[in-house]
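Results of the structural survey
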Amino acid sequence: MSSIEVVAERCVGCELCVKACLYDAIEMVDGVAVIKDNCTLCGACVEPCKFDAILLRESHREEDSLEDYAGVWVVAEQREGEIHGVSYELLGKGRELADARGSELSAVLLGHDLGDAPRALIEHGADTVYLVDDPSLKDYLDEPYANAVTALIESHRPEIVLTGATSVGRSLIPRVAIQVRTGLTADCTGLEIDDAEGLLLQTRPAFGGNIMATIICPRHRPQMATVRHKVMKALEPDPARKGEIVSERLDPSLLETRTEFVEFVRDLTQAVNIAEADVIVSGGRGLGGPENFEMLQKLAGVLGGAVGASRAAVDAGWIPYSHQVGQTGKTVQPKLYVACGISGAVQHLAGMQSSKTIIAINRDPDAPIFKVATYGIVGDVKEVVPLLTRKLSAALS
Ligand code: FAD
């Protein structure tokens, strides 16, 4: 693991390092610089020191070369032994990437008393599961989880590491990336292997979603990326699939933490979690006001679905943020997405365009939403939605 050290004999107490540190992580004690616990190992203090008194040891050993790294890893996420859906989706994509590289697909699973969870990862595509089972890993905590994943990466050297862009993934994986001194591309919407050089092509929206950027990590390993839930597709589980579960033992000091897990509080503010819904009826500015979300509720009720919204509707205060679909809202992948009075801005499309069937209702025949729609209805939502609700209600009953 990377580390930093002040060579006390060389330090002259000039305080240039203190000024260079963006995190207030260096203090002077008896005229000598001392690195505090909140140091991020960013290295900003090393160059300003004219006396070579600060030594940053990077985790990559000198003899490492890119060829020493092989295999695709998914760092799986679990709560009380239940694997998060995004981990299965990443295994689906990881399988493609591993096959393209002619390498193995592995999952990393941390926790305690995880029952059948490792087996479930194999059924969803993993060849190997690296399992760390320890009471200190029962609930997610940044330090032990990041140290454990770092240690596993350093000993096995995977070429690619993928993690879900969940609250846990977003907290965990940047720490790991910094500890192993590599890059990380967050919230990818596309992952592919470049035929020429075998690099991971990591595509994600950039500049407010106005362009799609493809990012590569050519000089460091592993190549690391996060992907949101519902962006990739999971494989159908195969109970007959064979794989290996490798129990890993780590140095107990790696699992120590300065924080304490107090309590898990479930978010009960959402009646329906749109990220999990099979049918979503979404409304945009074209609804004209909050009262018209009621007709979307009725249509969603008939279809057994949930109500979503564009950011314009959320920003207008017509519906709470928890319903927002898109780049700064939720990414959804229902079987049916009905977009009512939504223009189809790229930031909205980023959150719903991988839905299986998309029906768009818009009075403007040139609205961009029609470009991604499976079926388009040109008309006024206030007429079309109640009509559709009546017809579907009659047909389904
Ligand atoms: P509009 O673009 O105003 O479209 C309204 C549509 O309704 C029009 O197409 C119009 O023809 C139609 N219409 C009007 N009246 C009727 C009627 N009576 N019947 C039928 N059709 C009608 N947006 C999101 O949705 N989600 C995000 O997460 C998101 N994140 C963003 C992040 C950034 C950094 C930025 C810059 C923007 C983001 N946006 C997001 C905003 C996005 O750019 C659009 O402004 C927004 O999606 C527009 O919402 P809308 O389609 O409801 O409204």
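A quick note: this is a predicted structure, and the numbers were derived from the prediction, not measured. (Residues numbered from 1 in each chain as written. Predicted model: local features only at pLDDT ≥ 70, side-chain atom pairs only at ≥ 80, totals over all residues. Heavy atoms only, no water.)

**Focus on unusual backbone geometry**
With an omega of -5°, the peptide bond running from arginine 221 to proline 222 counts as cis. With respect to the element layout, proline 222 can be found in the loop between β14 (211–215) and β15 (223–227). You will see that aspartate 30, though not glycine, has its phi angle at about 50°, which is positive. Positionally, aspartate 30 belongs in the loop between β2 (26–29) and β3 (32–35). For aspartate 30, a relative accessible area of 78% gives the class exposed. Positive phi outside glycine occurs at aspartate 113, with the angle close to 55°. With respect to the helices and strands, aspartate 113 occurs in the loop between β8 (105–111) and α3 (117–123). Classification of aspartate 113 as exposed rests on a relative accessible area of 61%. (Helix = DSSP H or I, 4+ residues; strand = E, 2+ residues; numbered from the N terminus. Buried < 20%, exposed > 50% of the residue type's maximum accessible area, 1.4 Å probe, protein only.)

**Some details on the site of the ligand**
Taken together, 25 residues sit near the ligand, with Arg285, Ser310, Thr328, Ser343 and Asn362 positioned nearest. A distance of 2.9 Å separates a nitrogen atom of the ligand from a polar backbone atom of valine 381. Alone, the ligand offers 980 Å² of accessible surface; in the complex the protein occludes 77% of this. Only α7 (311–315), α8 (346–352) and α10 (381–396) provide two or more residues apiece to the shell around the ligand. Residue composition of the shell around the ligand, by class: five nonpolar, 14 polar and six charged. (Near = heavy atom within 4 Å. Polar contact = N/O pair within 3.5 Å; in protein donor to acceptor, adjacent residues only side chain to side chain. Areas by Shrake-Rupley, 256 points an atom, 1.4 Å probe, with all protein chains shown as cover. Nonpolar A, V, L, I, M, F, W, Y, C, P; charged D, E, K, R; others polar.)

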